[in-house]
Amino acid sequence: MLPRYASLAFLNAVYEKYHRPLFIPTDVILFPHRFQNETDIEISALLSSILAFGTVKSISTNLESLFRRMGKKPYEYIRNALWQRDEKFFSSFRHRFVRGEDLVCILRALQKIYERYPSLESLFLQGYSSPESRNDTPISNTGHAIAFFTSEIRQHCPSCSSLTPGVRFLLPSPGRDGSGSACKRWNLFLRWMVRKDEIDFGLWRNVSPADLIMPLDTHIIQISRRWGFLHRKSIDWKSAEEVTQAFRRFSPRDPVKYDFSLTRYFMLK
């Protein structure tokens, strides 16, 4: 039973029960766990996270189809522009309102980015360590880094001046003042890349887990409102920071520590 007020004892009990590899198959993180090469993990994690919306069944079905097409080496698939070979597949691909051409636009952008950077972390760090990313600004260092990261991917998309609604949805931004998207899927991706344990990969070693922001899915929003962690009516970046600050009281160096276990608690209970 969900307690009326948050306690460290409850959070740790949920963590001990659900933060285990046994539950990886219940989460979209299952897909990047299928790869061994770090760049393949990074790419598959990005694609899995940005498509992590809708029903669990539709997400899993479409990701299974996508990665089956990309094969065992997603990095080589992108670098060699093999999506051109699979034009028929992408012309019929749909994930809710996102079309195959939206996905191809992002694959093209990733190809260009990997021509300039050895990893997506290298690109992210350009925003994470910039002077504009200091804490004297309305949003956090991580918020600025996500805004920069998103902007760079958009600029590398073909015809970036006229992005489709699908591409814009897949590449949200918190905005410079924090009134933009809560960026749930970006924060999920960052959790996977930065935290290091049996669940999360910890490939991005130059980003601190203390800077991560809680991904605001339906379950986290529900529990945050019940516990008084979230008072804002709108679900935006400022809401994500507000919830994260509340969880920092229980885990200052790792505020998103309980994300995976709490969502399992709701889904499996």
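Only a predicted model underlies this, so the values are computations on that prediction, with no experimental measurement involved. (Residues numbered from 1 in each chain as written. Predicted model: local features only at pLDDT ≥ 70, side-chain atom pairs only at ≥ 80, totals over all residues. Heavy atoms only, no water.)

Some thoughts on the overall build of the chain
Put simply, the rule is: What counts as a helix is a DSSP run of H or I of at least four residues, what counts as a strand is a run of E of at least two, and both are numbered from the N terminus. Each radius of gyration is computed over the set of C-alpha atoms, and the globule rule expresses the reference value as 2.2 Å times the number of residues to the power 0.38. Whether two residues are in contact is decided by their heavy atoms, any of which lying within 4.5 Å being enough. Under the convention used here, a 1.4 Å probe and the Shrake-Rupley method define accessible areas, while residue burial counts only the protein chains that appear.
Scanning the chain for helices and strands turns up 13 helices and two strands. Computed over C-alpha atoms, the radius of gyration of the chain comes to 18 Å, within 12% of the 18 Å expected from 2.2 N^0.38 for 269 residues, which places it in the range of a compact globule. Dimensions along the principal axes, computed over C-alpha positions, put the chain at roughly 55 × 40 × 30 Å. For the chain, the proportion of contacts with a sequence separation of at least 24, taken over those separated by at least 6, is 67%. Total accessible area computed for the chain in this model is approximately 12,400 Å², and 50% of it derives from carbon and sulfur atoms.

Notes on the pattern of salt bridges
A side chain with one charge may pair with a side chain of the opposite charge, provided their charged atoms come close. Applicable threshold: Salt bridge, as used here: a side-chain nitrogen of Lys or Arg that lies within 4 Å of a carboxyl oxygen of Asp or Glu. Exposure categories follow from relative accessible area, calculated using a 1.4 Å probe and restricted to protein chains: below 20% of the type maximum is buried, above 50% is exposed, and the middle band is partly exposed.
Using the criterion set out here, one finds 14 salt bridges in the structure. Salt-bridge contacts for R99 lead to E101; the nearest nitrogen and oxygen are separated by 3.3 Å. By relative accessible area, which is 31% here, R99 ends up partly exposed.

Describing helix α13 (residues 259-268)
Taken across its 10 residues, α13 has eight buried, putting it largely inside the fold. Considered for burial, the residues of α13 that qualify are D259, F260, S261, L262, T263, R264, Y265 and F266. Elements in contact with the buried residues of α13: α1 (8-18), α10 (184-194), α11 (218-226) and α12 (237-248).

Remarks on the packing of α1 against α13
Rules: The convention used is that axes are lines fitted to C-alpha atoms, helices contributing only their stretch in contact, and that angles between N-to-C directions extend from 0 to 180 degrees. Just so you know how the angles are binned, under 35 degrees is roughly parallel, over 145 roughly antiparallel, 65 to 115 roughly perpendicular, and the rest oblique. Just so you know the grouping, Ala, Val, Leu, Ile, Met, Phe, Trp, Tyr, Cys and Pro go in nonpolar, Asp, Glu, Lys and Arg go in charged, and all remaining residues, Gly too, go in polar.
Where α1 meets α13, the closest approach of the two axes is 8 Å, and the angle between their N-to-C directions is 80°. Of the possible angle classes, the one that applies to α1 and α13 is roughly perpendicular. Between α1 and α13, the residues in contact are F10, L11, V14, Y15 and Y18 and F260, S261, L262, R264, Y265 and L268, respectively. Here the residues of the contact of α1 with α13 are counted per class, giving nine nonpolar, one polar and one charged.

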